[in-house]
Structure formats: C-alpha cells, structure tokens
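Residue-level structure breakdown
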Amino acid sequence: MISAFVTGAGPLHRLPATLKLLAFAAISLALVLLPAGAWSFAVGLTVAASAIVAAWLPPRILLVDTLRVLPFVLFIAAAVWWFQGIEQGMTTGSRVLAIFVLASVLTRTTRVEDVLQAWPLRLSERLGLAVALTLTMIPVLSDLGRQVWLAQRSRGLRPSLRRWLMPFIVLSLKHADDVDDALRARVRPRE
Amino acid sequence: MIRVQGASVFAPSPDGRGSVTILDDATCTLAARRTAVVGENGSGKSTLARVIGGLIKSEGSVDAPERIGFLFSNPGAQPVMPTVQEDVALSFRGRGLSRAEIRERTASALQEHRLTDLAEHSCHSLSSGQQQRLALCAILAGEPELVIADEPTSFLDGRHRRIVRDRLFADNAPDLLLVTHDLELASRCDEAILVEAGRITMQGPADAVVATYEKSLE
C-alpha cells in the first residue's frame, strides 16, 4: 500500500507544505548531527512519538505505518551495532525510526500535489517529482519487505535476514523499473 | 502514422551465453486510425508495442507520433502517485498550467471518467477495473495523439471491460494501437498485424488478419 494523504483538521494539516518540508529537513538533519548516546536515542524516540501525536490522526494509521518500517529499522540498527557497537546501533535505529515516522506524518498530512508546489520544489518539476516519489516509496518498500517475509513464512521457512534480503532487493529494483515504465507511459514526448 | 523499419530486440539467453531474438527485423507502416496487434503469447507483440511507444530501445528506426500514452495490461503497475486525484493531476504537470487550472482540469477529467467519488482513495486500494479506468483517465488527460494499449482488458470483469473498450473506441478517442488476445475486439479495429516468433507475418484489414490467425490456432 502506498502511504496516502488522510483528510484531517489537525494543526499539521493546516500548516503550509513548504514549512512542513523545511521542518522535516531541519529535524532530520538535527537528528543525524546529534552525537551517539543514550540521550540521542531518547531524542529520536521522543521525536517519533511527538510526530505521531501532532499528526492528529487516528493512532492506528501511523502505528501501522511505523510497524511496517520496523523490520528495516531493526536491520539497520543491527548492522550498525555489528560494526560500531551497541550505542551507535541504538542511536542510528532511533534516528532512522524518527525520520521514517516524520516522513509518514508528512505524507499523511500533506497532499503530494501540495508537496510538488512547495518551495523550493516548485522551482524544478523534476526535483519535486523526485521528492514526491521518494516520499511515496518509503511505505512501498516496507510493504515489499513484509510481503517477502509473509511469502517465506507461508512456505514454512524460518525467518532469516540473509534469505529475506535478496528477494527484497530484487523486488525493490523491479518496482523501481515499474515506476519508471509507468512514468514514461504517461503522455510525454518520445526520447 | 507509424513507421517501423528493421526493429530488432535481443535479450540475454537464459543460460547466459549469447542472446535470444525477441523482435526480429520488424518492418511496417501503420496508417489506420485503429490497429490491432495479434499473436500468441511470447510472439513479440508487446515488445513491438513497447518499441513503438519508446519504452524500450531497439535496433532499426521508429517514426511515431510525438505524444503517446501507454496503457499496460496490469493496471496495478500504472499509478505513480498515492491518490487517484494526485495521479491524474500528474498528467497536467509540466504544461505551464497554474495550480488552479490543474485542479480544475483534474476534477473535470475525473468527472468525465466517473472517478470523482474515488478522488481521495489510495490508487492501490482500488479494484483492477477501477485502476484501469484511472490509468486510462490519466493517459487521456495528457491529450495523446496515439494510445498504445497492451491487453488493456485482460484483468477486467465484464462491466469494466466494456467501459474501457468503449473509451478506447469512442469517436473522439485518439488513434489506437491495440495489443490483444481478444479477437472480437481486434476485429473492431480498421487494420491488424500478426506477429509470430518475433516477426510481422501479416498486415491487412483486421477481419482478414484475425481470420488467418484464428485458422492458425486450429
């Protein structure tokens, strides 16, 4: 399922898309710049929780979005933990989770149409489309990951990161190809 | 008018050694308003359509209208934006229209295709029939000179098949290149070509080509 705008009357729905995009970029940057540690871990989780509350939407919608990205977050956190230790792994995990949640809140409270018209995206159609597609792609990828996991479970296979990763990458690349075809299938001058 | 001259497409062979020919030196001139492309599965008819539509590159040359819309057989592969309204609005972007004009034209296109009630729905929550109507709406919104439809009714129930068919064959519809296994639909075209094993083996009035193809299936 692609994360879609949900009609609502909360404060985030009323904010201009430009402001939301800038806030998204600024908070994401701030999260990345925070030094690793228990404090940063707590900040990441607080940002994620605050974004869910501020969205003013039925909690189930954003919780489902969050649960879908959780396998990714855990995978990234585990990989960083493996290479750089537990402190860095947990901080990275909470940062990525917070950014995923912020992206989800942004797409749920902002029409893509408004994102495309926001400054500075309205200055370049290609840039705007790229950002819109990226925002759209996040929940799509999480859904693909879930599909692979379910398909393997339905065949009685034990969960395994190694077994899950390859079909997930193949499906993701196939999806990227499909999106490319779908975009070119629209009426555009021949290349 | 579509002119295809010596178009060939190759793909790596399954064993990884060498290549297999998908489309073999296809040459044709299509001047009819509606042309059907018929042939068995794997014959290369979809590849020919994609070559004409500019979705895949080939050897040889293709001279086709500037504005082409492509309709896939799998309607789920067509939407790009999250909601129905946003997906149709995308077709109006890049044409120098103001935001208000885009909104107005999107609403009008949705109404024309009876999709207004679904405007706020997620594209991927729609049925196959609704998705194909959306895909057709989004493509026609781009005002194409030619629509290439690759088995556009194969995923649809009877009602949606009729709706899509009627749109494609409407008097005011753009020119049509229709890849289909539905021989009744192919017969409604003015002209048809038969593709066999990557080669165009016959071109002529749709009835005659369809009759020859049907005979070859017996």
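Residues numbered from 1 in each chain as written. Chains lettered and ligands numbered in written order. Predicted model: local features only at pLDDT ≥ 70, side-chain atom pairs only at ≥ 80, totals over all residues. Heavy atoms only, no water.

Moving on, we come to the UniProt feature "domain: ABC transporter" (unreviewed entry) in chain B. The positions that UniProt labels "domain: ABC transporter" (unreviewed entry) are, in the present scheme, residues 2-218 of chain B. What you have in residues 2-218 of chain B is 33% helix and 28% strand, and the ends, taken at the C-alpha atoms, are 32 Å apart. (UniProt positions renumbered as here; feature names shortened; annotations may be inferred. Helix = DSSP H or I, 4+ residues; strand = E, 2+ residues; numbered from the N terminus.)

Once that is clear, we can look at the interface of chain A and chain B. The interface of chain A with chain B comprises 28 residues on the first partner and 38 residues on the second. Across the chain A to chain B interface the summed buried area is about 3000 Å²; carbon plus sulfur atoms make up 53%. The interface formed by chain A and chain B holds five salt bridges in total. R186 of chain A is the partner of D87 of chain B in a salt bridge, and the nearest nitrogen-oxygen pair spans 2.7 Å. For the pair chain A and chain B, the number of links is nine residue pairs in polar contact (both at pLDDT 80 or more). Listing elements by their share of the side of chain A that touches chain B, those giving two or more residues are helix 6 (112-117), helix 7 (125-154), helix 8 (161-185) and strand 1 (188-189) of chain A. Considering each element in turn, the side of chain A that touches chain B owes the most residues, seven residues, to helix 8 of chain A. (Contact = heavy atoms within 4.5 Å. Buried area = accessible area lost by both parts, 1.4 Å probe. Salt bridge = Lys/Arg side-chain N within 4 Å of Asp/Glu carboxyl O. Polar contact = N/O pair within 3.5 Å; in protein donor to acceptor, adjacent residues only side chain to side chain.)

Now for the pattern of salt bridges. Following the criterion strictly, the structure yields 15 salt bridges over all chains and no others. Between R108 of chain A and D65 of chain A there is a salt bridge whose closest N-O contact spans 2.9 Å. Placement of R108 of chain A in helix 5 (residues 86-109) and of D65 of chain A in helix 4 (residues 59-84) is noted, with a sequence separation of 43 residues between them. Here R108 of chain A falls in the buried class, since its relative accessible area comes to 7%. By relative accessible area, D65 of chain A is classed as buried at 7%. Taking the shortest distance from any N to any O, the salt bridge between D181 of chain A and R184 of chain A comes out at 3.6 Å. In this pair, D181 of chain A and R184 of chain A both sit in helix 8, three residues apart, roughly one turn of the helix. Accessibility expressed as a relative area gives 16% for D181 of chain A, which makes it buried. Through salt bridges with shared partners, one network takes in D180, D181 and R184 of chain A together with R50 of chain B. (Buried < 20%, exposed > 50% of the residue type's maximum accessible area, 1.4 Å probe, protein only.)

Once that is clear, we can look at the pairing of strand 8 (residues 191-196) of chain B. Residue and element names in this part refer to chain B. Most of strand 8 sits inside the fold, with five of its six residues counted as buried. Alignment of strand 3 (residues 34-38) against strand 8, held across four bridges, turns out to be parallel. Pairing of V38 across the sheet is with L194, part of strand 8. Looking at chain direction, strand 8 and strand 9 (residues 199-205) are connected through six bridges and run antiparallel. Directly across from A192, in strand 9, lies its bridge partner G204. Taking the residues between adjacent antiparallel strands as the criterion, strand 8 and strand 9 are bridged by two residues, where A197 takes a positive phi near 50 degrees. (Pairing = 2+ DSSP bridges.)

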